[in-house]
Every structure is written in structure tokens, then in C-alpha cells.
Amino acid sequence: MDAQVLPMRHVIETQPFTPVELERLFNAADVLRKNGTRDSALHGRIMCSLFYESSTRTRFSFESAMLRRGGQVIGTENAGEFSSSVKGESLEDAIRVIGYYADVIVLRHTDEKSSKRAAAVSQVPIINAGSGKGQHPTQALLDVYTIRRRRGDLSNLRVALMGDLKNGRTVRSLAYLLGKYPGVQLYFVSPEELRIAQDIRAHFIEHKISFHEYPEIEDIIDSIDVLYVTRTQLERMDEDDREKFATASYRLHRGLAQRMKEDAIIMHPLPRNDELSTDVDTLPQAVYLNEQIENGLLIRMALLESLLTQ
Ligand code: NCD
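Residues numbered from 1 in each chain as written. Predicted model: local features only at pLDDT ≥ 70, side-chain atom pairs only at ≥ 80, totals over all residues. Heavy atoms only, no water.

J.: Any details on the site of the ligand? Residues and values, ideally.
T.: Taken together, the neighbourhood of the ligand is formed by Thr58, Arg108, His136, Gln139, Arg169, Thr170, Arg231, Gln233, Pro269, Leu270 and Pro271. Gln139 places a polar side-chain atom, nitrogen or oxygen, 3.1 Å from a nitrogen atom of the ligand. When isolated, the ligand has an accessible area of 320 Å², and the protein chains bury 94% of it. (Near = heavy atom within 4 Å. Polar contact = N/O pair within 3.5 Å; in protein donor to acceptor, adjacent residues only side chain to side chain. Areas by Shrake-Rupley, 256 points an atom, 1.4 Å probe, with all protein chains shown as cover.)

J.: If you had to explain the nonpolar core to someone new, which residues and values would you point to?
T.: Counting residues in hydrophobic clusters, the biggest one holds 60 residues, and the most contacted among them are Ile127, Leu161, Phe188 and Leu304. When residues of this core are assigned to their parent elements, the largest contribution, 9 residues, is made by helix 11 (residues 291-308). Residues in contact with Leu161, not counting those within four places in the same chain, are Val171, Leu174, Ala175, Tyr187, Phe188, Val189 and Tyr228. Within the second largest apolar cluster, 24 residues are counted, among which are Val229, Ala248, Ala264 and Leu276. (Core = buried A, V, L, I, M, F, W, Y, C linked by side-chain atoms within 4.5 Å. Buried < 20%, exposed > 50% of the residue type's maximum accessible area, 1.4 Å probe, protein only. Helix = DSSP H or I, 4+ residues; strand = E, 2+ residues; numbered from the N terminus. Contact = heavy atoms within 4.5 Å.)

J.: Please give an account of the packing of helix 7 (residues 169-178) against helix 8 (residues 198-206) that cites residues and values.
T.: Contact geometry of helix 7 with helix 8 gives a least axis separation of 11 Å together with a crossing angle of 5°. Between helix 7 and helix 8, the angle is such that the two are roughly parallel. Contacts from Arg172, Ala175 and Tyr176 in helix 7 reach Asp199, Ile200, His203 and Phe204 in helix 8. Class assignment for the residues of the contact of helix 7 with helix 8 results in 4 nonpolar, 1 polar and 2 charged. (Axes fitted to C-alpha atoms, helices over the stretch in contact; angles between N-to-C directions. Parallel < 35°, antiparallel > 145°, perpendicular 65-115°, else oblique. Nonpolar A, V, L, I, M, F, W, Y, C, P; charged D, E, K, R; others polar.)

J.: Mind laying out the packing of aromatic side chains, listing which residues take part and the relevant values?
T.: All told, the structure shown has 5 aromatic pairs when counted by the stated rule. Where Phe188 meets Phe204, the ring centres are 5.9 Å apart and the plane angle is 65°; that geometry is what we call edge-to-face. Linking Phe188 in strand 6 (residues 185-189) with Phe204 in helix 8, this pair joins segments that are 16 residues apart in sequence. Residues Phe188 and Phe204 agree in their burial class; the two are buried. Taken together, the ring pairs connect Phe188, Phe204 and Phe211 into an aromatic cluster. For Arg300, the ring lying beneath its charged end belongs to Phe62, and the centroid distance is 4.8 Å. (Phe/Tyr/Trp six-rings, centres within 6.5 Å; stacked < 30°, edge-to-face > 60°. Lys NZ or Arg CZ within 6 Å of the ring centre and 35° of its normal.)

J.: Residue-level account of the sheet that holds strand 2 (residues 72-76), with values.
T.: Pairing within the open sheet is parallel, and its 4 strands lie in the order 2-1-3-4. The open sheet terminates on both sides in strands that have one partner only, identified here as strand 2 and strand 4 (126-131). Taken pair by pair, the neighbouring strands of this sheet meet at an average axis angle of 15°, ignoring direction. Relative to strand 4, strand 3 (residues 104-109) is paired through 4 bridges, and the arrangement is parallel. Paired with Ile105 across the bridge in strand 4 is Ile126. Across the sheet, helix 5 (residues 114-121) is in contact with strand 3 and strand 4; its angle to strand 4 comes to roughly 160°. (Pairing = 2+ DSSP bridges.)

J.: Any chance you could break down the sheet that holds strand 6 for me, citing the residues and the numbers?
T.: Across the sheet, 5 strands lie side by side as 7-6-5-8-9; this open sheet has parallel pairing. Edge strands, defined here as strands with exactly one partner in the open sheet, are strand 7 (210-214) and strand 9 (265-267). Here the strands of the sheet are splayed against their neighbours by 15° on average, with no regard to which way each runs. Sheet topology places strand 5 (residues 158-162) next to strand 6; 5 bridges connect them, and they run parallel. By the bridge assignment for strand 6, Ala160 is matched with Tyr187.

J.: Give a description of the environment of Asn27 that names residues and reports values.
T.: With respect to the helices, strands and loops of the structure, Asn27 is situated in helix 1 (residues 19-35). Along the primary structure Asn27 and Asp219 are separated by 192 residues, whereas in three dimensions their C-alpha atoms are 36 Å apart.

J.: Would you mind going over the pairing of strand 2 in detail, with residue names and values included?
T.: In the sheet, strand 1 (residues 46-51) pairs with strand 2 via 5 bridges, with the strands oriented parallel. Across the sheet, residue Ser49 finds its bridge partner in strand 2, namely Gly75. In terms of handedness, the path from strand 1 via helix 2 (residues 57-68) over to strand 2 forms a crossover that is right-handed. (Right-handed = clockwise from strand over helix to strand, strands pointing away.)

Now the structure itself:
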């Protein structure tokens, strides 16, 4: 692969990606899809997955991506309990030390600033695999890649992001990325209390990116190209909100989903709760249990190769 796919050293948030860099990354993922991934491009390299928050897909996806390309993996899935943070070690000290053991660190942490803090002291690339309510850039990369593969062109799309937009980090990373494409229209669909945060709205206003806020999906469901459903982030809420939003206040079920355009796409970063009914899974528009997963693996392989072979 062309070592210059991405000039960046760390992957912390999505704002710095340019459409040209995104295209290069997506093309690299396409090449892997076409030529197969069981080469040894990452042979001799070690990835550390350092996860202070729970994960199924993201951690396994990164680890599988590394192993499939001939690399090796060390890590812990519950760093809060199984690392020296129990003994009061700071994130910064842990990152400094792990830099001697691994060539790249994939970090998931409760603190929004964790990846920035880590990058400030790290001698190896840091990949943010989810930072509190902040960002989850590789999820957004795989999401945009998935839309591109289905739709071909990313411009002029009408994309609805639905759910807990206040506490979800995937929608924040995704909104920044989608806003880079000309003519994209974003529809933020959420209860009033779970609106997308002010910093994103300010960014969209400043960059003259078209967005609308809706309390319900019903009014727009038949005209959108992409519906991105997210769960309520109960673990990030205070007691009162947790009680109030214990049952999802929005729900996509088959009857509603069938009103969508034939070539529309239904996405979800997973895990899902009751906001996305299982009877939607078999609709041809649903990509969350197959294409998003497969594309995540390819994007992470391409990303790791780019960061590790510069
Ligand atoms: C998301 C996350 O961790 O932010 N999951 C994922 O990585 N695919 C979404 C979520 O937890 O709701």
C-alpha cells in the first residue's frame, strides 16, 4: 500500500480528515477487499488494545484486523481493573510505558480528552477507539465507507441521525465527517433533552452545512437516503435521565422502515437495545449486521497499515 495514505500520526477525532485522505483510505480498503487480507504486511508489528470501557466489536475488530495482516496483539479489555490504574497509575504513565512494548496503541477510555492526553506523551501512534461522550473516529470512518460503497457518491445525501445524540460519540464523529461532503443535509432526530451538542451545531453553522432538528422520524422517513439509529447511552446519564429514558423514546420497526426508499440504508453502530427492532434485520436496506462489520475490519486494516508503515 502507498505509505502516504494518511499523513497523520494519531487518529483522535474526525475533523482533520480531508475528503482526499478519506478517499485514499477507502481505496486502500477496496484494494484489501479485492486482493485478500491474509498477507503479512503487519508482520513483526505489535498493537496494544487498552480498553477502559466495555467493547465487543471495536476491540475484536481491531485485534482481528491486526492478526489477519500478520501482526500481533497485546492488551486488556478491562484496563480500569486489570491494569496498574488500580494502583493509581495515570493514563500518561501507562502510555509512556506501553510505547516500549507496542508499535500502536488503540485506546478506549471514559475521559473525552483521553486520546489527546495519550497522544501528547506517546512515542507511538494512538488510535481513539472511543473517548467518553467525545468521539469514535474509526466507527465514523467505517460508516462513511459503508455509505460510499452502497451509494457510490457521498455528495447531496440526506442523512438522518436518530437517538441519543447528546451522549453518543459515534454520531458526533460521523456528523463531522459527513459535513465535509458537498450538499449533504443532516437531520438530527432526538428528544429535546438528548439533542446534538452545541459544539456540533456551532460547527455546522460556521461551515454553512445544512442541518435540521426533528423530534420524530415519521415526517422524513420516506425521503432520506440514510437512517443512522443509535441507542440511548444510559450508562452516561444521571439517575433521573436514566429512569426517564429507560425505554427508548424512538423505535424503528419493520412497518416504519418499509416506508423508506428502496435504495436507502439503515445503519447502527451497535450494540442495539429496543430502538431498532429485530424485524428490520432482514430488510435489504439494513447493513448493521453485515456490511458495517465487514467494512470495519477492512478500514481498520487499512488504517493500521497506513500508521505502521510510514
Ligand atoms: C459504540 C460506542 O462504543 O460508542 N459502539 C461501537 O463501538 N460500535 C456505540 C454505543 O456504545 O452505543
